[in-house]
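One letter stands for each residue in the lines below.
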There are 2 protein chains.
Amino acid sequence: MSTDPVWPEEMFSDLDRTGPVPLYYQISSRLERAIREGVIPAGARLENEIAIGERLGLSRPTVRRAIQELVDQGLLVRRRGIGTQVVQARVSRPVELTSLHEDLTRVGHHPTTEVLSVEHVAADEDAAARLQVPVGTVISRIRRVRSADGTPMAILENLLPPEFADITAADLEKQGLYEMLRARGITIKIANQTIGARRTHGDEHELLDIAKGSPLLTMDRVAFDHGGRVVEAGHHCYRPDLYSFETTLVSR
Amino acid sequence: MSTDPVWPEEMFSDLDRTGPVPLYYQISSRLERAIREGVIPAGARLENEIAIGERLGLSRPTVRRAIQELVDQGLLVRRRGIGTQVVQARVSRPVELTSLHEDLTRVGHHPTTEVLSVEHVAADEDAAARLQVPVGTVISRIRRVRSADGTPMAILENLLPPEFADITAADLEKQGLYEMLRARGITIKIANQTIGARRTHGDEHELLDIAKGSPLLTMDRVAFDHGGRVVEAGHHCYRPDLYSFETTLVSR
DNA sequence: GAGTGGTCTAGACCACCAT
DNA sequence: TGGTGGTCTAGACCACTCT
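Residues numbered from 1 in each chain as written. Chains lettered and ligands numbered in written order. Predicted model: local features only at pLDDT ≥ 70, side-chain atom pairs only at ≥ 80, totals over all residues. Heavy atoms only, no water.

Identification of chain A as GntR family transcriptional regulator from Leucobacter allii is taken from an unreviewed UniProt entry.

Set out below in structure tokens:
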């Protein structure tokens, strides 16, 4: 048995077969938007891969790859012998290789950053281990407070290797750290993150405008470029009443 | 230019071309083990896809898929025009659709579970919303304490829809909840997780043997089967000095 | 038995990077 | 200029599910 098309006729009428954007990506991103906006409703059954391919003039592997992207995101479910369906559950976007600054902007908040300090210091043993540089190397240590719509949300402490010694406080007020690195042609390929919790220490409660000793949500991250070099090491603490980490897990 | 083989000659000598295990999976899992065990060292360059295919008697798409699995896991990095390399950074396994019970077992700890209560109650508004059942439906509410090697690590509160009303405390002492669901043929396809932090409430500090009002790491999860039905809704709190969430993020 | 997704093959052309 | 991964095609066979 086959299924009627569940998307508007013209949805894929303007595929660009010559440009740099892969066909599978054009398909999957259009489909993703239609699903997230509800144009294709939860529970809807898609046509089978071959039928879609014929309608769009694409080979089956290309259609398949587009669909697989959405399966990996948790938007679609496939079962052999059954078909492909739009998932019923609400799906959150995965934790991504972006900064808090970009996260907030995307959600429509207005993030501001106060740079508390930009120091150039000799790496102690701990910092050297995290950045994978020799002890004593002169590194940059940044401390910032990020607010959304005027409310302090997080304290961001970052360590940078020597090559970024010229980054200034003024730069960091305007852009997120990751934007700035990207503008310098630095591509972050991999990051290891650890999410935990602890009490406030030192002046953290003042900076975040919460009670002394109250809980903080923490995230430690080490980011690497394609060559395996450490680009950045961060220790962030978030106000747990204002911030949490959401993920959607998909079984393989 | 081409590269010398970086893995032992016999590593892929016993591929099973008739069994149910996909060839790409046989390749990727063997490669993963070799990388994690250091048999293939960090920074090593792999041969190109076509050469590997010829050596193993496989087509390029099959080899490519095997490699892609490891790229998605953050173990390999590929760059066009350059080649494929083993990543230098330590890579942690991603947060998975498994239970804490299985996580601990895998790391070699001995998890024990104390079942505090198994109740069958009418769902209030909050519980009904989380399980997506009508208010007043009789659901199961489970409360457990999980310990590793005798130390309490987490309080696990779970809500189950009516179909699991027959699960007993005795069952839960022996197996993780997820194992039990799997044994009943329930496949969890998707889960939404939120990780946060808060202070202890009520008797939580006693159960976890920590100070009253101290920080907890929390994880809320709603798990769905392939049909979008809610299988389980959980609220877990962890001792932040004993537990944290690790992830490796990979840029696409 | 009919229909579906899962896997695999054998090619092709292109964009990017190094030399 | 040669080597690499990125994309795409046009088939094929199989395993699974429903009726």
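A. How the structure looks around the overall build of chain A. On a plain count of helices and strands, chain A comes out with 8 helices and 9 strands. Buried residues in chain A amount to 50% of all 252 residues. Of the contacts made within chain A by residues no fewer than 6 positions apart, 59% connect residues no fewer than 24 positions apart. Approximately 12,300 Å² of chain A is accessible, and the part contributed by carbon and sulfur atoms is 50%. On chain A, the mean spot of the 31 positive side-chain charges and the mean spot of the 36 negative ones are 6 Å from each other. (Helix = DSSP H or I, 4+ residues; strand = E, 2+ residues; numbered from the N terminus. Buried < 20%, exposed > 50% of the residue type's maximum accessible area, 1.4 Å probe, protein only. Contact = heavy atoms within 4.5 Å. Areas by Shrake-Rupley, 256 points an atom, 1.4 Å probe, with all protein chains shown as cover. Lys, Arg positive; Asp, Glu negative; His and termini not counted. Charge placed at Lys NZ, Arg CZ, Asp CG, Glu CD.)

B. Region of the structure containing the sheet that holds strand 4 (residues 138-148) of chain A. The 7 strands lie next to each other as 3(A)-4(A)-5(A)-8(A)-7(A)-6(A)-10(B), forming an open sheet whose pairing is antiparallel. Two strands close off the open sheet at either side, each with one partner strand: strand 3 (111-122) of chain A together with strand 10 (245-250) of chain B. Each neighbouring strand pair of the sheet contributes to a mean axis angle of 20 degrees, computed without reference to strand direction. Relative to strand 10 of chain B, strand 6 (residues 190-199) of chain A is paired through 6 bridges, and the arrangement is antiparallel. Looking at the pairing, A:Q193 lines up with B:T247 of strand 10 of chain B. (Pairing = 2+ DSSP bridges. Axes fitted to C-alpha atoms, helices over the stretch in contact; angles between N-to-C directions.)

C. Structural detail: the sheet that holds strand 2 (residues 76-79) of chain B. All names here are of chain B. Spatially, 3 strands are ordered 1-3-2 in an open sheet, and the strand pairing comes out antiparallel. Each of the sheet's edge strands pairs with one partner strand only, and the pair in question is strand 1 (45-46) and strand 2. Inspection of the sheet shows strand 1 paired to strand 3 (residues 83-86) by 2 bridges, in the antiparallel sense. Bridge pairing in strand 3 places L46 opposite T84.

D. Looking closely at the relation of the copies chain A and chain B. Once turned by 180 degrees and shifted 0.0 Å along the axis, chain A lies on chain B with an RMSD of 0.1 Å. Taken together, the rotation and translation describe the operation of a two-fold axis. Ranked by how close their C-alpha atoms come to the rotation axis, the residues of chain A are headed by A:P215, at 2.4 Å. The share of interface residues of chain A whose copies in chain B are also at the interface is 100%, consistent with both copies meeting through the same surface. (Least-squares fit on C-alpha atoms with pLDDT ≥ 70 in both.)

E. Layout of the environment of A:K212. Residue and element names in this part refer to chain A. Relative to the helices and strands, K212 resides in the loop between helix 8 (204-208) and strand 7 (215-224). What makes K212 exposed here is its relative accessible area of 68%. Sequence-wise, K212 and G202 are 10 residues apart; in three dimensions their C-alpha atoms are separated by 8.7 Å. Ignoring anything within four residues of it in the chain, the contact list for K212 reads T200 and H205.

F. Molecular detail of the packing of aromatic side chains. All names here are of chain A. Scanning all chains against the criterion turns up 7 aromatic pairs over all chains. Between Y243 and F245, the ring centres sit 5.4 Å apart and the planes meet at 90 degrees, which makes this aromatic pair edge-to-face. Looking at F245, the relative accessible area reads 6%, which means it is buried. Each member of the aromatic cluster is reached from another via a ring pair, and the members are Y238, Y243 and F245. In this structure, R65 is placed above the aromatic ring of Y24, and the distance from its NZ or CZ to the ring centre is 3.8 Å. (Phe/Tyr/Trp six-rings, centres within 6.5 Å; stacked < 30°, edge-to-face > 60°. Lys NZ or Arg CZ within 6 Å of the ring centre and 35° of its normal.)

G. Representation of the packing of helix 1 (residues 23-36) of chain A against helix 3 (residues 60-73) of chain A. All names here are of chain A. Axis separation between helix 1 and helix 3 bottoms out at 8 Å; the angle between their running directions is 45 degrees. The angle between the axes of helix 1 and helix 3 places the two elements in the oblique class. Read as a crossing pair, helix 1 and helix 3 show a hand that is right-handed. Facing L23, Y24, I27, S28, L31, E32, I35 and R36 of helix 1, the residues of helix 3 in contact are T62, R65, A66, E69, L70 and Q73. (Parallel < 35°, antiparallel > 145°, perpendicular 65-115°, else oblique. Left-handed = near helix turned anticlockwise from the far one by under 90°.)

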